[in-house]
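Topology and contacts: notes
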Amino acid sequence: MTNTTLCYIERDGEYLMLHRVLKKDDVNAGKWIGVGGHFLRGESPDDCLIREVREETGLSLTSYRCRGIVTFVPDDGECELMHLYTADGFEGELTDCDEGVLRWVPKEDVPYLPLWEGDRVFLRLIAEDVPFFSLKLVYRGGALACAVLDGKPLEV
């Protein structure tokens, strides 16, 4: 199982979103996502988060919160355990990202972007300020087939 982080950085009612349009052979091609990535050997979730945000945005986080664990189960590949964060404090200047285009997007506009269906589920949980959660997302043929929140099936 692969371990990753994903972070939605907040500023003035906006999220910093990454439009994945530059990376070759990208499973996220064309989608809008938060920033983050894969753990390096010996990293904790917080270590990975801080490093990935700095690498992809140039920003150094000063305030962040782990919101939940998301387990992705694809029909064609390895499962992924994603540590989901939000951040509301940072320092530094935004830099270009080699994986896509970074843009501040009003939170109310985010659901209208091309997103993974499962991302819509956990973004809603974040917006509702649901306490720390465990979310399982099962994909079949690139479509969300099943979502389970804290052991209980959700309608998809």
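The text that follows walks through the structure, step by step, so that each part is easy to find. Predicted, not measured: the structure shown is a model, and the values here were computed from it. (Residues numbered from 1 in each chain as written. Predicted model: local features only at pLDDT ≥ 70, side-chain atom pairs only at ≥ 80, totals over all residues. Heavy atoms only, no water.)

**Quick word on the environment of Pro153**
We count it as follows: Strands are runs of DSSP state E lasting at least two residues, helices are runs of H or I lasting at least four, and both sets are numbered from the N terminus onward. Here the term buried applies to any residue with accessible area under 20% of the maximum for its type, exposed to any over 50%, and partly exposed to those in between, with areas from a 1.4 Å probe on protein chains only. Between two residues, a contact is recorded if the distance between any of their heavy atoms is within 4.5 Å.
In this structure, Pro153 sits in strand β10 (residues 152-154). In this structure Pro153 comes out as exposed when scored by relative accessible area, which is 67%. Between the C-alpha atoms of Pro153 and Leu135, which are 18 residues apart in sequence, the distance is 9.6 Å. Aside from chain neighbours lying at most four places away, what touches Pro153 is Ala147 and Val148.

**Overview of the side chain of Thr2**
Here Thr2 shows up in strand β1 (residues 2-11). On the accessibility criterion, Thr2 (19% relative accessible area) is buried. Once residues lying within four places of it in the same chain are set aside, the contact partners of Thr2 are His38, Glu78, Cys79, Glu80 and Leu81.

**Quick word on the nonpolar core**
The test is simple: Definition of nonpolar core: a set of buried residues of the types Ala, Val, Leu, Ile, Met, Phe, Trp, Tyr and Cys, connected through side-chain atoms within 4.5 Å.
Ile9 and Phe122 are the most contacted members of the largest nonpolar core, which totals 42 residues. Broken down by element, the residue count for this core peaks at 5 residues, all from helix α2 (residues 117-127). When sequence neighbours within four positions are dropped, the list of residues in contact with Phe122 reads Leu6, Tyr8, Val70, Phe72, Met82, Leu84, Phe133, Leu135 and Leu137.

**Description of unusual backbone geometry**
Peptide bonds are, in most cases, trans, and in most cases residues other than glycine have a negative phi. Positive phi, normally seen in glycine, also occurs at Asp12, with a value near 50 degrees. Relative accessible area serves as the criterion here: at 74%, Asp12 is assigned to the exposed category. With a phi angle near 55 degrees, Asp129 is a residue other than glycine that sits in the positive phi range. Mapping Asp129 onto the fold places it in the loop between α2 and β8 (133-140).

**Thoughts on the pairing of strand β5 (residues 60-73)**
Put simply, the test is: Between any two strands, at least two bridges found by DSSP are needed for them to pair.
Note that β5 and strand β6 (residues 80-91) share 11 bridges and pair antiparallel. Along β6, the bridge assignment pairs Arg65 with Thr86.

**Brief notes about a nonpolar patch on the surface**
Using the following cut-off: To count toward a patch, a residue needs a relative accessible area over 30% and no salt bridge; like charges are then connected within 9 Å, while nonpolar side chains (Val, Leu, Ile, Met, Phe, Trp, Tyr) are connected within 5 Å. A 1.4 Å probe and the Shrake-Rupley method give the accessible areas. Residues count as covered only by the protein chains that appear here. Counted as salt bridges are all cases of a side-chain nitrogen of Lys or Arg within 4 Å of a carboxyl oxygen of Asp or Glu.
Together, Val21, Leu22 and Val101 give the surface a local cluster of nonpolar side chains, amounting to about 250 Å² of exposed area. Take Val21: it is sitting in the loop between β2 (14-19) and β3 (32-33).

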